[in-house]
Amino acid sequence: MPPLKGYDASLPYSYAAGVYPGLSLMAAAPERATRLLVSSRAEGEGVEKLRAACRAHRVREEVAEKALARLSGKQNCFAAVVFEKWQAVLDAAAPHVVLVNPMDEGNLGTVLRTMLGFGLKDIAIIRPAADVFEPRVVRASMGALFSLRVAQFDSFDVYRALHPAHSLYPFMLDGAVLLGEAVRAVCTPYALVFGNEGSGLPPAFAALGQAVRIPQSGAVDSLNLAVAAALGAYAFVQATGGITP
């Protein structure tokens, strides 16, 4: 097989680095896995489960010490699964979470994992943004990426043209309605819209839907993106039927 390269956005493949992200990939989308990279020091129940899952799906296993260190930047990464990238199609009837220009890889991965935990599986990412397939995003999501429908768009207008029926709820520091009030009259299907970690959403978003504000003290400028997304998602999901265990 051809030699693997260090991750680059232009490559058609990426890496699920770590045992748990690898297991998540093999559980949710084994057809996307192409190679299993393991360290000669790899051992334990999790590693054996990952090896067994890859064998069951005829995914080739390779001892690749240097490749693991290179792609993870660490000496304690003992396994990674190489997978093919994909572009998902959002469910037009389901609620969406729209992330406008998220740039922090850790934040993005955390948001993905949190949304899966609340049962929101359709995520729109508006570029420019962190690369959802970057190994650090995949690892921060703990493999949640593989159970989500994540679509990337070159602009919010492109997303909106494809999904005009969703009621928009942009989360803004000066949102007209507090979160508790917004969820008392949710129009479905809905899209929760969150902005960049530093700048938030441009003022023009307030005119696109029902702008929402999460109440907070004046001791901080704003909430972390992942925290704001978690609070907003939980409130909307609870208001529209709750979380299915």
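Residue numbers restart at each chain and count upward from 1, following the sequence in its written direction. Restriction of local features to residues with pLDDT of at least 70 applies here, the model being predicted, together with a cutoff of 80 or more for giving and counting side-chain atom pairs; totals for whole chains, interfaces and linings are based on all residues. Derived side-chain values reflect all non-hydrogen atoms in the structure, with water molecules and hydrogen atoms excluded from consideration.

*Asks:* Explain the layout of surface pockets here, please?
*Replies:* Taking a probe equal in size to a water molecule and rolling it over the atoms shows the remaining empty space. As a volume, the largest pocket reaches approximately 450 Å³. Cavities and pockets are defined on a 1 Å grid built over the protein atoms alone: a cavity is a set of grid points where a 1.4 Å probe fits but cannot escape, while a pocket is an open set with protein on both sides within 12 Å along at least five of seven lines, and lining residues are those with an atom within 4 Å of any such point. If you trace the largest pocket, you find 21 residues lining it, with F171, M172, L173, G200 and S222 closest to the centre. Residues are grouped as follows: nonpolar covers Ala, Val, Leu, Ile, Met, Phe, Trp, Tyr, Cys and Pro; charged covers Asp, Glu, Lys and Arg; every other residue, Gly included, is treated as polar. Residues of the lining of the largest pocket, tallied by class, amount to 11 nonpolar, 7 polar and 3 charged. Of the voids in this model, the second largest pocket is the one considered here, and its volume is about 190 Å³. Around the second largest pocket, the lining residues are P95, G117, F118, G119, L120, Y190, V237, T240, G241, G242, I243 and T244. Of the residues contributing to the lining of the second largest pocket, the split by class is 6 nonpolar, 6 polar and no charged. Grid points are joined across faces, edges and corners, and a volume is the space filled by probe spheres set on the points.

*Asks:* Please clarify how the packing of helix α4 (residues 105-117) against helix α8 (residues 225-239) should be interpreted in this entry.
*Replies:* A packed helix pair is summarised by two numbers, namely the angle formed by the two axes and the spacing between the axes. Convention adopted: a line fitted to C-alpha atoms gives each axis, helices being fitted over their contacting stretch, and angles between N-to-C directions are expressed from 0 to 180 degrees. The helix count covers DSSP runs of H or I at least four residues long, the strand count covers runs of E at least two residues long, and both are numbered beginning at the N terminus. With their axes 9 Å apart at the nearest point, α4 and α8 run at an angle of 15 degrees to one another. As summarised for this structure, α4 and α8 are arranged roughly parallel, according to the angle between their axes. Relative to α8, α4 is oriented so that their crossing is right-handed. Listed contacts from α8 to N107, T110, V111, T114 and M115 of α4 are L225, A226, A229, A230 and A233. Each angle receives one of four descriptions, namely roughly parallel if under 35 degrees, roughly antiparallel if over 145, roughly perpendicular if within 65 to 115, and oblique otherwise. If you view the pair so one helix is near and one far, a crossing is left-handed when the near helix is turned anticlockwise from the far one by less than a right angle, and right-handed when it is turned clockwise. Any two residues having at least one pair of non-hydrogen atoms within 4.5 Å are treated as being in contact.

*Asks:* When you look at α4 in this model, what are you seeing that I'm missing?
*Replies:* For an α-helix the count is 3.6 residues per turn, leaving residues at separations of three or four pointing the same way. With 13 residues, α4 extends 19 Å from end C-alpha to end C-alpha; this agrees with the ideal 18 Å at 1.5 Å per step. Taken together, the buried positions of α4 are N107, L108, G109, V111, L112 and M115. A distance of 3.1 Å separates the backbone nitrogen of G106 from a side-chain oxygen at the start of α4, and that oxygen is part of D104. Expected span of a helix, by definition, is 1.5 Å for each gap between consecutive residues, and there is one gap fewer than residues. The buried label goes to any residue with under 20% of its type's maximum accessible area, the exposed label to any with over 50%, and the partly exposed label to all in between, with areas taken from a 1.4 Å probe on protein chains only. Side-chain atoms alone can form a polar contact between residues adjacent in sequence; in general such a contact is a pair of N or O atoms within 3.5 Å, and within protein one must be able to donate a hydrogen while the other accepts it.

*Asks:* Hey, could you run me through unusual backbone geometry in this one?
*Replies:* Most peptide bonds take the trans form, and the phi angle of most residues other than glycine is negative. Of note, the bond from R127 into P128 is cis; its omega dihedral lies within 30 degrees of zero at 0 degrees. By secondary structure assignment, the location of P128 is in the loop between β6 (122-126) and α5 (135-140). Following T188, the chain continues into P189 via a peptide bond in cis, with omega recorded as -5 degrees. Within the secondary structure, P189 is located in the loop between α7 (179-182) and β10 (190-194). A positive phi angle, close to 55 degrees, is found at R58, a residue other than glycine. With respect to the helices, strands and loops of the structure, R58 is situated in the loop between α2 (45-56) and β3 (60-63). By relative accessible area, which is 80% here, R58 ends up exposed. One non-glycine residue, N101, adopts positive backbone phi at about 60 degrees.

*Asks:* For this particular structure, what's the right way to read the pairing of strand β2 (residues 33-38)?
*Replies:* Counting buried residues along β2, 5 of its 6 residues qualify, which places the element largely inside the surrounding structure. By the criterion used throughout, a crossover qualifies as right-handed when its path from the first strand across the helix to the second strand runs clockwise, the strands pointing away from the viewer. Read from β2 through α2 to β3, the crossover connection turns out right-handed.

*Asks:* Before we go on, may I ask you to explain the packing of aromatic side chains in this structure?
*Replies:* Ring pairs shown here join Phe, Tyr and Trp side chains whose ring centres sit within 6.5 Å, with only the six-membered ring taken for Trp; geometry is labelled stacked below 30 degrees between planes, edge-to-face above 60, and tilted in between. With the rule as written, the count across this model stands at 14 aromatic pairs. Summarising the aromatic geometry, the rings of Y169 and F236 are spaced 4.9 Å apart at their centres and angled 65 degrees between planes, so their arrangement reads as edge-to-face. With Y169 in strand β8 (residues 167-170) and F236 in helix α8, the pair connects residues that are 67 residues apart, well separated along the chain. The burial state of Y169 is the same as that of F236; both residues are buried. A connected cluster of aromatic rings, assembled from ring pairs, spans Y169, F171, Y190, F194 and F236.

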